[in-house]
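Here is what each chain is made of, one letter per residue.
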Amino acid sequence: LWDTGKLVDPFTPEILLLRLRDVEIAPKDFCGLAEGRFALIDGLVSWAQNYAQRGRHAVHESDDGRLLLDLPLRVDEADMPCALLGGEGDLYAWMFEGIARLWGLEQRAAAANLPLVVPAHLGADRLAVLHGLGIGDERLLPLAEDRVLSCRELWMPTLPILGDWASPMAVQFLRRKF
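Residues numbered from 1 in each chain as written. Predicted model: local features only at pLDDT ≥ 70, side-chain atom pairs only at ≥ 80, totals over all residues. Heavy atoms only, no water.

Some thoughts on the overall build of the chain
So, point 1. Counting secondary structure elements, the chain contains 5 helices and 14 strands.
So, point 2. The proportion of buried residues among the 178 residues of the chain is 47%.
So, point 3. Contacts in the chain between residues far apart in sequence, at least 24 positions, make up 72% of those at least 6 positions apart.
So, point 4. For the chain, the computed accessible surface area is about 9900 Å², with 53% contributed by carbon and sulfur atoms. (Helix = DSSP H or I, 4+ residues; strand = E, 2+ residues; numbered from the N terminus. Buried < 20%, exposed > 50% of the residue type's maximum accessible area, 1.4 Å probe, protein only. Contact = heavy atoms within 4.5 Å. Areas by Shrake-Rupley, 256 points an atom, 1.4 Å probe, with all protein chains shown as cover.)

A short note on helix α2 (residues 91-99)
So, point 1. A large share of α2 lies buried, amounting to 7 of its 9 residues.
So, point 2. Within the sequence span of α2, burial applies to A93, W94, M95, F96, E97, G98 and I99.
So, point 3. On its buried side, α2 packs onto α3 (101-106), α4 (124-132), β13 (161-162), β14 (165-166) and α5 (168-177).
So, point 4. Measuring from the side-chain oxygen of the N-cap residue of α2 to the backbone nitrogen of Y92 gives 3.3 Å; that N-cap residue is D90. (Polar contact = N/O pair within 3.5 Å; in protein donor to acceptor, adjacent residues only side chain to side chain.)

Some points on the confidence of the model for the chain
So, point 1. Here the chain averages 84 in pLDDT, and 88% of its residues register 70 or above.
So, point 2. Every residue in residues 1-8 is under pLDDT 50, and counting partners more than four places away or in other chains gives 8 contacts. (pLDDT = per-residue confidence, 0-100.)

Section: the nonpolar core
So, point 1. With 27 residues, the main nonpolar core has I99, L102, L116 and L130 as its most contacted residues.
So, point 2. Of all elements in the fold, only α2, α3, β10 (116-119) and α5 reach the threshold of two or more residues within this core.
So, point 3. Excluding anything up to four places from it in sequence, I99 contacts L85, W94, V129, L130, L133, F173, L174 and F178.
So, point 4. In this structure, I25, L44, V117 and M156 belong to the second largest nonpolar core, which totals 16 residues. (Core = buried A, V, L, I, M, F, W, Y, C linked by side-chain atoms within 4.5 Å.)

Things to note about the packing of α2 against α4
So, point 1. Relative to each other, α2 and α4 sit at 35°, their axes nearing to 12 Å. Seen from above, α2 lies across α4 with right-handed handedness. Residue-level contacts link L91, W94 and I99 of α2 to R126, V129 and L130 of α4. (Axes fitted to C-alpha atoms, helices over the stretch in contact; angles between N-to-C directions. Left-handed = near helix turned anticlockwise from the far one by under 90°.)

A few points about α5
So, point 1. Buried within α5 are the following residues: M169, A170, F173 and L174. Here the buried residues of α5 occupy an arc of 135° about the axis, which is enough to place them on one side. In α5, the exposed positions that point more than 90 degrees away from the buried face belong to R175 and R176.
So, point 2. Buried positions along α5 lie against α2 and α3.
So, point 3. The opening residue of α5 is S167, an N-cap whose side-chain oxygen sits 3.2 Å from the backbone nitrogen of M169. (Arc of directions from axis to C-beta.)

Re the pairing of β10
So, point 1. As paired elements, strand β9 (residues 82-84) and β10 share 2 bridges and run parallel to each other. Along β10, the bridge assignment pairs L84 with V117.
So, point 2. Pairing of β10 with strand β11 (residues 140-143), which is carried by 4 bridges, proceeds in the parallel orientation. Within β11, the position partnered with V117 by the bridge is L141.
So, point 3. In this fold, the crossover linking β10 to β11 by way of α4 has right-handed handedness. (Pairing = 2+ DSSP bridges. Right-handed = clockwise from strand over helix to strand, strands pointing away.)

Here's what the structure looks like:
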């Protein structure tokens, strides 16, 4: 982007990049649990407004917003910094809730090449997309459905979509990549 003849950092108010310490990631819906078991849902999980009713791990929601989650007991540890990519859902979800998050990661040198948390059962077609983007298997950090991933440091790009609306920056990123 250009502003008065000077190159400036790309900016889009709808896509944020969070850098968190000591976060646990739930499988399937990739909900993050921060310190004190604070659930990171809004802007990070698809259909966040319905998470209490639709979330795979949500059992009960109290009237004050607390959630009772039924999470796997097995926990894997990630001692190195990593980034959340996700990868569940249909093709639209894969492209706009997963691949488009790479744009946010690429905006920060420290996050651009981090290991990416993805489902352990990521299909061959989705692996081919990642390989086509230059992301090899060695960069993937698979999360099995029967465990939670505990990350010492996690970079979480927000979802670049809200319902049927997609961030123009995310659309441009996908057009450029494909």
